[in-house]
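As a plain string of letters, each chain reads:
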Amino acid sequence: MRGRESPLLLKQTMITVNQISTLVNEKLQGTELFLVEVLVRSGNRISVFIDSDTHVSIADCVGISRHIESNLDREKEDFELEVSSAGLDQPLKLHRQYLKNIGNDLKITTKDEKTIQAALLGISEKEITVLIPENKKNKTPEQEAVVALNNIKEAKIIIKINK
């Protein structure tokens, strides 16, 4: 195939997490929205997760999606894009997410696989303070505890459904 390169031999460029993060942060500047995570998987499958101190609307996600799409060239590299809010079922990743969830109940898994279910009372640079409820079965009183952020493997909001 002289003079023509096989499509399989063309060097495919990969969209980077940094490239997408820059575009998203550019769009979010001056808003209450913030970037939680960007994932770029094989085949340029891009997932963007955003959050807010109050709420994330569908219009917010659409606006960010359009901003990203308008700054990438599908002729150079095709991609699949999904922009959504960081769902309640997703682990907390950022200090700001902990801050907005003060007062909510969390299920925390520590790096040594210990599980704690407690109300989030506060957060500092290096740790969170939680209120562990009374356990009548084990006869332990309600107590405050401090958990180092670097010891948290995963922290998720406990969703309460009122009946």
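Residues numbered from 1 in each chain as written. Predicted model: local features only at pLDDT ≥ 70, side-chain atom pairs only at ≥ 80, totals over all residues. Heavy atoms only, no water.

Colleague: Describe the layout of surface pockets, with residues and values.
Modeller: Looking at the largest pocket, its volume works out to about 200 Å³. Around the largest pocket, the lining comprises 15 residues; the ones closest to its centre are D51, A86, L88, K100 and I157. Of the residues assigned to the lining of the largest pocket, the class counts are five nonpolar, eight polar and two charged. (1 Å grid on protein atoms, 1.4 Å probe; cavity = no way out; pocket = protein on both sides within 12 Å on 5 of 7 lines; lining within 4 Å. Points joined across faces, edges and corners; volume = space filled by probe spheres on them. Nonpolar A, V, L, I, M, F, W, Y, C, P; charged D, E, K, R; others polar.)

Colleague: Quick rundown of the pattern of salt bridges? Include the residues and the values.
Modeller: Two side chains carrying opposite charge are able to pair once their charged atoms lie near each other. All told, the structure shown has seven salt bridges when counted by the stated rule. The partner of R96 in a salt bridge is D53, and the shortest N-O contact between them spans 2.8 Å. Here D53 lies in the loop between β2 (45-52) and α2 (58-70) and R96 lies in helix α3 (residues 95-100), a separation of 43 residues in the sequence. On the basis of relative accessible area, D53 is assigned to the partly exposed category, the value being 41%. Here K153 ties to E113 by a salt bridge, and the two come within 2.6 Å at their closest N and O atoms. Here the residue K153 occupies a position in strand β8 (residues 152-157), and E113 occupies one in the loop between β4 (105-110) and β5 (115-123), the gap between them amounting to 40 residues. Each member of the salt-bridge network shares a partner with another, and the members are E69, R74 and D78. (Salt bridge = Lys/Arg side-chain N within 4 Å of Asp/Glu carboxyl O. Helix = DSSP H or I, 4+ residues; strand = E, 2+ residues; numbered from the N terminus. Buried < 20%, exposed > 50% of the residue type's maximum accessible area, 1.4 Å probe, protein only.)

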